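Commentary on secondary and tertiary structure
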Amino acid sequence: MNIVVLCKQVPDTESKIKLLGDNSNYDQEGIKWVLNVYDEYAVEEALKTREAGKAAKVTVLGLGPKRCEEALRTALAMGADDAIHVEDPALDGADAFAVAKALAGALKGVDYGVILCGKVAVDDDMGAVPQMLAELLGIAQVTVVSKVEIEGDTVKAYRDVEGGAKEIVQAKMPVLLAATKGLNEPRYASLPGIMKAKRKPLVKKTAADVGSSAAENKTKVAGWSLPAARLAGKVFKEGELADRVAQVVKLLREEAKAL
Amino acid sequence: MSNVLVFAELRGAEPKKVSFEMLSAAKQIAAATGGQVIAAAIGDGLSGLGAKLGAYGATKVFVANGVAKYSTEGFAHILAGLIKQENPAVVLLGATAQGKDLAPRLAAKLGVGLASDIVGFRMDGNKFVAKRPVFAGKAFTEVTFLAAPAIATVRPNVLPIGETNGAAAAEAVLAADLGGPKAQIIEIVAGVSKRLDLTEADRIVSGGRGIKDKTNFKILEELADVIGASVGASRAAVDAGYADVSMQVGQTGKTVNPTLYVACGISGAIQHLAGMRTSKVIVAINKDPEAPIFQVADYGIIGDLFEAVPLMTAEAKKLLA
Amino acid sequence: MYEQHVTQSGVERLPMWGMYDGFWAYTRWIIYGLAVVAMAIFAYGVWQRVRAYRMGRKAEGALDNIGQRIADLVRYGILQLRVIREAYPGVFHLFLFWGFAVLFFGTAITVLDEDFYQLLTHGEKFIKGDFYIGLSFLLTTFGLLAIIGLCLALYRRYVTKPDRLDNKQEDATLLVLILLILITGFLTQAARIGVVRSVKGAAASYEASRFVGYALAGLFGNSPGLHKFFWTIHALLSLSFIAVLPYTKGLHFFSTLASVFTRNRGVKARVPSIPKMMERMEAGEEVEMGYKRIDQLTWREILQLDACTRCGRCQAQCPAHNTGKHLSPKTFIQDVKEHWLAEWAKKRDANLTEAKPAEGAAPAEDTGPFLLEAEAVCRACEGGTGKLKSQVLWDCTNCMACVNICPVFVEHVPLINQMRRELAMEFDDSEKACKDFFKKMDTNANPWGMNPGDRMSWTAELGVPSVLEKPDYEYLYWVGCMGGYDARAIKIGKAFVKILQAANVNFAVLGELEMCCGDSLRRLGNEASFQALVMMFKENIKGCEMDPTFAGKKVLVTCPHGYNTLKHEYPEFGFQWQVFHHTEFILDLIKQGKIKLQGGNGHTAVLHDSCFLARYNDIIDQPRDILKACGLKLVEVERSKDLTFCCGGGGGRAWLEEHFDPEKGINRINFDRADELIKAGADNIVSACPLCMMMFDEATKRNECESAMANKRLLDIAEIVAEKLEAPKAN
């Protein structure tokens, strides 16, 4: 059984998000790019499965411009066997559907029992590609997975739902699993590991190869905006404590919209 | 081609609050598209949904009864059938555990677009334009749709609930045919604790050495219960034996990024900030006005946490009642 | 036969004695035969040991500066300056060492006299008369000292039993063997004097110079048989002793001297480099990460393993061990040594039966046996593992207390760091917090993963120019990660800026260009990320059209970790700056009168010496002089100056979780140290390191410290000085 892991390169969560002058996109100048943290869990789970003797090969699959190779190399350094990189300007600005279609195309002819991925990418926070891909491939899906058990060709996945409950979902392979935090502790890809990973095979595919492009988009980002600048913190020290507390609770609801 | 379909998510046989929020939004959308609000619900032992959803504006409710368990593929199968039949312009689902899982699969099945976790929308003529946060709320995008229907998942607790004076909606039966899903829920394990793991929690109440005693964590738990939060701790509190190490937030503990982080009796040393500073809204309660936590707090209360926290619990209870 | 000799020589009145007097004529030839055998056994043992050392690799510079090395040998080998730092064990060891050395010297002279001079001159001897009396007295005195030393040693080892000693059979064997040799020596002496006295009567009074034997002679009277018996036992024991030296703990007579002689005379602070690691990897070269097999150590490092006598001074100083962690530097060295000896035995046996592999053939990739017994290592290993658990290596704070105290210059810390490299870069066997730390450093070049753009956001408001705004700056103030982000350390930075401004120093800061110095990265074993960080810093500096070597620039650092790293580790990457710690610089400003300080007000201060200042860089007096100049009365804690006790934050430990379980006696290092500093009772607890400050800030805010800290302040030395600054006089 082989495993495919979907990997996306995203800005480090610490990045400051600035917009281009015409608000058409965010400014990528000075951004530090990393492998999406949820995808790290997916890679780790795939490697652990392989190390447990339940999978033969781990292939990582990514889509994006040239720089995405770094994210794939990170996954290879963690221990994946090979990589497929879908890289084509025709895919610039592809939406979730176009990306899912491209990934489905890239997986044509690839033998897999399990597809692992992160439940969401922390850039667009869309959380849609995994489910769309599962639908396009016609396979079972389990999202927000915090535990996986594989027996033969049966996969049991624990899906986190509200209130700390877990749905245990069972399916026959092939199955797509979207990982959440707590699934495992991803290993660290050291720089020597990343450099050695350059010797591992990385196959490039174009939009034509995978049969998708931004022309397949079903949505369009019409514009970007930034939230109101964070106000200086409000510290309440004068007056009755009860009043101050009431004021903060009110602000949490009305101003911060956090309650 | 102008109706708005709301998939009313249920808890047991009752609609969740987000379902009413979506119906209220759908009413506004339908007003612009010139259509009706229709709803769909899938569950077991359902009754009276026509009245319950109708009150918030649904004019027709499609009910698939006798489906005891959620199934991604099964629900997508039922809804896709309904959508093909009804041709709505917009479909809304809750950005809940279920809705987030279901909506993209449904969109792909129909070959249409999706905007997830929307926090607002506007109508451009009769076109639905969704507003959604990206980069964990550091920016927003407006999404337009190139195919019909437009599907969106709506973040709970954000959109207002409108008037509840609607008439009972007509109920129609949907076939409870799941279409042979490949994956099935074989068991549901209730949470050991009702609280989410800190790393996943949307709200956290956290205590530091100012708590002074293990038993005092109770007052934090009471606040957490009211606002639906998980309980965390600083390393100092863990060291002092007030809290378990699994609750530790910070450089060597857990990194959290909830919407709301309430720091009680935590001074805010950098090693703690490293684990929680990306929280969207930080509230600090501390009697030391010099505590560095106030430098990162959005709202600070200088005072005794043993008085302030119970007051906050009472206030929140009033507000959320 | 005694009488025979006395009369034949005709010099019966002259003080002298023949070693073989009273024995059968051929006795000496039997002894010569046995001596040759003993020395052959000895030589074989030494040769085998040297071969075992040569399992190790070349040790660069281990034999340079011979003059200095001879001086070291005198200082630390002969005078035992490091051994006598501790009174009790120091004194008895000195007794033993000098007793033995003098007896050896006496025996050598006697052998020269009896076995060469006498044979060549057909009966002449040069040990006679006053020389005989003097030598007799000297040897007896030192023999007695050795016995006293031995008794003290036995008492300590088997009665008082300090924690740091573990008793093995080899310890008892050596001590008892030496004791028997000394005692039989004196018994031989006594019995002989008994015989001589009965022959010569009062004429034998010169033998009183051998006062021990003389006093005991009465016990034996005239019993030549008893003398021969003691003599034979003594001779056989002595020869056996020579034979078994290299096979027992007696080997340390030589291995310690060799270790002292070949000691690392370089900068003690440096982490061994992997030269041009990133460039070589870029070129596709296989680069070794660190040490995972014993044959990767240098012969000097292996020799050091062998020089360790398990005296336990390192362990007694070690902050990890003292707070109940897994690491004991002594056990660490002994575990590695045990592994080495086992591997050597295997290799030696294999060499006897198999053909040697071709010269220069690379060892098979990633085959054991490995030194470490970590899970990840075991997985990768087919050839077995040693005893070392990875947590032992992670426990080290790199405080250097062990290396500093070791009487024979064993270097525990570099060895630990070399092995950490395998754990960090090759086997990924580190705790989650460590992996997170690495990721944060790789992405954002600071320990918390904060946005690099937020670094040093406070300097502009104080009017401090950046290097871009003021390219002709004389001094670069390296603010550091703590000073760049940590609210507490920012106060230190602001105080230092106030001092610099008061003294009209021409300085600038790097602002967003500054990155972490990489000290923690390197010491946690992530050499690759460290080198990548330094190279990226250079690239960024070049990108701003500045000189990336900083030639001619002076750097001021308020953090001892940054100070040490920039000063000692960065030159390897072409940096040519001069680096000063703020204690050095502030003291200079005071001495030159560039800042004026208000007088004292009777307050007291206790100084915590940062390991990276006191032990790594010998900065001990400077902070004390500054505090005195501020009019503060100094209170010293027991563990201070070069014997300071770590805050727990060094070696990257500040970013890792530290085991804490007071019920099991496992304490935090910073709590242990803070308690000591609080107990000193001074008004001010002073450090000169923001990392120490962070550790103590946490420790002193514990609820149980609240009352003790109520009238105390925890301050950096710069904050003390800034408070005492006299307002500059109006012109």
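It should be emphasised that the depicted structure is a prediction, and the values quoted were computed from it without experimental measurement.

Focus on the overall build of chain A
- Of regular secondary structure, chain A possesses seven helices and 13 strands.
- If one aligns the C-alpha atoms of chain A with their principal axes, the spans along those axes are about 70 × 45 × 40 Å.
- Every one of the 259 residues in chain A was classed for burial, and the buried ones make up 51%.
- Pairs at least 24 apart in sequence give 72% of the contacts found in chain A among residues at least 6 apart.

Some remarks on the pairing of strand E7 (residues 114–118) of chain B
Residue and element names in this part refer to chain B.
- Of all five residues making up E7, five are buried, and the element is well covered by its neighbours.
- Where E7 lies against strand E11 (residues 150–154), three bridges are found, and the strand directions are parallel. Paired with Leu114 across the strands is Ile151, a residue of E11.

A few points about the domain arrangement of chain C
Residue and element names in this part refer to chain C.
- When the domains of chain C are assigned, the result is domain 1 (2–53 + 81–243), domain 2 (283–351 + 366–430), domain 3 (445–559) and domain 4 (604–724).
- On a C-alpha basis, the centroid separation for the pair domain 2 and domain 4 is 30 Å.
- Elements with a contribution of two residues or more to the side of domain 2 that touches domain 4: helix H13 (319–322) and helix H17 (401–405).
- Partitioned by chemical class, the residues of the side of domain 2 that touches domain 4 number six nonpolar, six polar and one charged.

Some thoughts on the interface of chain A and chain B
- In this assembly, 71 residues from chain A lie in contact with 73 residues from chain B.
- If you list the elements that add at least two residues to the side of chain A that touches chain B, you get helix H3 (96–106), helix H4 (129–137), strand E7 (140–151), strand E9 (166–172), strand E12 (219–225), strand E13 (234–236) and helix H7 (241–254) of chain A.
- Broken down by element, the side of chain A that touches chain B gets its largest block of residues, ten residues, from H7(A).
- When its residues are assigned to classes, the side of chain A that touches chain B shows 40 nonpolar, 14 polar and 17 charged.
- Pairing between E12(A) and strand E10 (residues 139–145) of chain B: six bridges, direction antiparallel. Bridge pairing links A:Ser225 to B:Phe140 in E10(B).

Looking at helix H6 (residues 169–200) of chain C
- An ideal rise of 1.5 Å per residue puts 46 Å on 32 residues; H6(C) measures up with 46 Å between its terminal C-alpha atoms.
- Just beyond H6(C), the residue with positive phi is C:Gly201, at close to 65 degrees.

Some remarks on the sheet that holds strand E9 (residues 127–134) of chain B
- Reading across the sheet, the four strands line up as E12(A)-E10(B)-E9(B)-E8(B) and stay open at both edges, with antiparallel pairing between neighbours. Looking at strand neighbours, the two that pair on one side only are E12 of chain A together with strand E8 (120–124) of chain B, the edges of this open sheet. Strand-to-strand, the axes of this sheet are offset by a mean angle of 30 degrees, without reference to chain direction.
- Direction of pairing for E8(B) relative to E9(B): antiparallel, over a ladder of five bridges. Counted as the bridge partner of B:Arg122 is B:Val129 from E9(B).

Some remarks on the confidence of the model for chain C
Residue and element names in this part refer to chain C.
- Across chain C, the average pLDDT comes to 91, with 94% of residues at or above 70.
- In this model, residues 1–12 is a region of pLDDT below 50 whose contacts with residues beyond four sequence positions or in other chains number 13 contacts.
- Scored below 50 in pLDDT, residues 358–364 makes zero contacts in the model with residues more than four places away or belonging to other chains.
- Interface confidence in the predicted complex, given as ipTM, is 0.95; pTM for the same model is 0.94.

Thoughts on the interface of chain B and chain C
- Facing 13 residues of chain B, the contacting portion of chain C comprises 14 residues.
- Sorting the residues of the side of chain B that touches chain C by element identifies helix H6 (235–239) and helix H7 (270–276) of chain B as the ones contributing at least two each.
- Tallied by class, residues from the side of chain B that touches chain C come to six nonpolar, four polar and three charged.

Details of the packing of helix H25 (residues 582–591) of chain C against helix H27 (residues 621–629) of chain C
All names here are of chain C.
- It is the contact of H25 with H27, at a shortest axis distance of 9 Å, that shows an interaxial angle of 45 degrees. Here H25 is positioned oblique relative to H27, judged by the angle of their axes. As for how H25 packs across H27, the hand of that crossing is left-handed. Contact residues: Thr583, Glu584, Ile586, Leu587 and Ile590 in H25; Gln622, Pro623, Asp625, Ile626 and Ala629 in H27.
- Residues of the contact of H25 with H27, tallied by class, amount to six nonpolar, two polar and two charged.

A short note on the packing of H3(A) against H4(A)
Residues and elements named next belong to chain A.
- Relative to each other, H3 and H4 sit at 50 degrees, their axes nearing to 9 Å. With respect to H4, the axis of H3 lies oblique. Every pair of crossing elements has a handedness; the one defined by H3 and H4 is right-handed. Two secondary-structure elements touch here, H3 through Ala96, Phe97, Val99, Ala100, Lys101, Leu103 and Ala104 and H4 through Val129, Met132, Leu133, Leu136 and Leu137.
- In terms of residue class, the contact of H3 with H4 is built from eleven nonpolar, no polar and one charged.

Conventions used here
- Residues numbered from 1 in each chain as written.
- Chains lettered and ligands numbered in written order.
- Predicted model: local features only at pLDDT ≥ 70, side-chain atom pairs only at ≥ 80, totals over all residues.
- Helix = DSSP H or I, 4+ residues; strand = E, 2+ residues; numbered from the N terminus.
- Buried ≥ 20, exposed ≤ 12 C-beta atoms within 10 Å, placed from the backbone.
- Contact = placed C-beta atoms within 7 Å.
- Pairing = 2+ DSSP bridges.
- Domains from an automatic or database assignment.
- Nonpolar A, V, L, I, M, F, W, Y, C, P; charged D, E, K, R; others polar.
- Expected span 1.5 Å × (residues − 1).
- Axes fitted to C-alpha atoms, helices over the stretch in contact; angles between N-to-C directions.
- pLDDT = per-residue confidence, 0-100.
- Parallel < 35°, antiparallel > 145°, perpendicular 65-115°, else oblique.
- Left-handed = near helix turned anticlockwise from the far one by under 90°.

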